[in-house]
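A closer look at the structure
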Amino acid sequence: IILCSYGYSDGALALARNIYEQMIILAFFESKRGSPAFDSYINDYFLDYDVQRLRALRHYHDLRGETKEIELLSAELQEIKKKVGKDIKGEYWWADKANFAGIVEAVIGSQQDKMKKRFIRLLCKAYILSRSA
């Protein structure tokens, strides 16, 4: 509200989207807490930082036409892929989901309380609308 009152409505929306995304990710982890694969989800989540960094560096070197660096970075990504034993495509590979919507659906599906399900669905609609604004 303060950001909006000072003319930073885009910043307020970006912050709200980020908070929503973090809430969903935490709810996803909470839903997997009792799972035997819980530690794997956590480890892969932190490993995703390296994946994102390597992808960004690869893109940077691609723009500069530096093929040797691209090959080295691609090799590092392949090592991570071997280490985790699954595909590392997309932003949410660590959750075995193709996209953020997949995580949202998993969180909604894990909720027993109808009011919580409805609340998360409403937040999701607001999130989608804010991204198109």
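Residues numbered from 1 in each chain as written. Predicted model: local features only at pLDDT ≥ 70, side-chain atom pairs only at ≥ 80, totals over all residues. Heavy atoms only, no water.

**What about the overall build of the protein chain?**
Looking only at helices and strands, the protein chain has six helices and zero strands in total. Order of helices (α) and strands (β) in the protein chain, N terminus to C terminus: α-α-α-α-α-α. For the protein chain, the C-alpha radius of gyration of 18 Å lies well beyond 14 Å, the compact-globule estimate for 133 residues. Counting only C-alpha atoms and orienting by the principal axes, one finds that the protein chain spans roughly 50 × 45 × 20 Å. (Helix = DSSP H or I, 4+ residues; strand = E, 2+ residues; numbered from the N terminus. Rg over C-alpha atoms; globule rule 2.2 N^0.38 Å.)

**Re the nonpolar core**
Ranked by internal contacts, the top residues of the largest apolar core, which has 26 residues, are Tyr 20, Ile 24, Phe 28, Trp 94, Phe 100, Ile 103 and Val 104. At the level of secondary structure, the elements contributing two or more residues to this core comprise helix H2 (9-31), helix H3 (38-63), helix H4 (67-84), helix H5 (100-110) and helix H6 (114-132). By residue number, the principal contributor to this core is H5, which donates six residues. With residues up to four places along the chain from it excluded, the contact list for Val 104 reads Tyr 20, Ile 24, Ile 120 and Cys 124. (Core = buried A, V, L, I, M, F, W, Y, C linked by side-chain atoms within 4.5 Å. Buried < 20%, exposed > 50% of the residue type's maximum accessible area, 1.4 Å probe, protein only. Contact = heavy atoms within 4.5 Å.)

**Focus on the layout of surface pockets**
Here the largest pocket defines a volume of roughly 210 Å³. Residue assignment for the lining of the largest pocket shows that the elements contributing at least two residues are H2 and H3. Within the lining of the largest pocket, the residues separate by chemical class into five nonpolar, three polar and three charged. (1 Å grid on protein atoms, 1.4 Å probe; cavity = no way out; pocket = protein on both sides within 12 Å on 5 of 7 lines; lining within 4 Å. Points joined across faces, edges and corners; volume = space filled by probe spheres on them. Nonpolar A, V, L, I, M, F, W, Y, C, P; charged D, E, K, R; others polar.)

**Section: H5**
Looking only at H5, the buried set comprises Phe 100, Ile 103, Val 104, Ala 106, Val 107 and Ile 108. Capping of H5 at its N-terminal end is provided by Asn 99; its side-chain oxygen lies 3.3 Å from the backbone amide nitrogen of Ala 101. (Polar contact = N/O pair within 3.5 Å; in protein donor to acceptor, adjacent residues only side chain to side chain.)

**Focus on unusual backbone geometry**
Look at Asp 96: it is not a glycine, yet its phi comes out positive at around 60°. Structurally, Asp 96 is set in the loop between H4 and H5.

**Some remarks on H2**
Its 23 residues place the ends of H2 33 Å apart at the C-alpha level, agreeing with the 33 Å of an ideal helix rising 1.5 Å per residue. If you check which residues of H2 are buried, you get Ala 12, Tyr 20, Glu 21, Ile 24, Ile 25, Phe 28 and Phe 29. (Expected span 1.5 Å × (residues − 1).)

**With respect to the packing of H2 against H3**
Contact geometry of H2 with H3 gives a least axis separation of 11 Å together with a crossing angle of 150°. By the criterion of interaxial angle, the relationship of H2 to H3 is roughly antiparallel. Note on element contacts: H3 touches H2 through Phe 38, Tyr 41, Ile 42 and Tyr 45, opposite Gln 22, Ile 25, Phe 28 and Phe 29. (Axes fitted to C-alpha atoms, helices over the stretch in contact; angles between N-to-C directions. Parallel < 35°, antiparallel > 145°, perpendicular 65-115°, else oblique.)

**Structural notes on the confidence of the model for the protein chain**
Summarising the model, the protein chain shows a mean pLDDT of 91, and 98% of its residues fall at 70 or more. Confidence scores differ between elements of the protein chain, with H6 showing the lowest mean pLDDT of 82 and H3 the highest of 95. (pLDDT = per-residue confidence, 0-100.)

**Let's talk about a nonpolar patch on the surface**
Side chains of Ile 2, Leu 3, Tyr 6, Tyr 8, Leu 15 and Ile 19 sit close together on the surface and give an oily, nonpolar patch of about 700 Å² of accessible area. Contributing elements (two or more residues each) for the nonpolar patch: helix H1 (2-5) and H2. For Tyr 8, the location among the structural elements is in the loop between H1 and H2. Residue class for Tyr 8 comes out exposed when judged on its relative accessible area of 53%. (Patch = residues over 30% accessible without salt bridge, like charges linked within 9 Å, V, L, I, M, F, W, Y side chains within 5 Å. Areas by Shrake-Rupley, 256 points an atom, 1.4 Å probe, with all protein chains shown as cover. Salt bridge = Lys/Arg side-chain N within 4 Å of Asp/Glu carboxyl O.)

**With respect to the pattern of salt bridges**
For the structure shown, the criterion picks out six salt bridges. Each member of the salt-bridge network shares a partner with another, and the members are Asp 44, Lys 86 and Asp 96.

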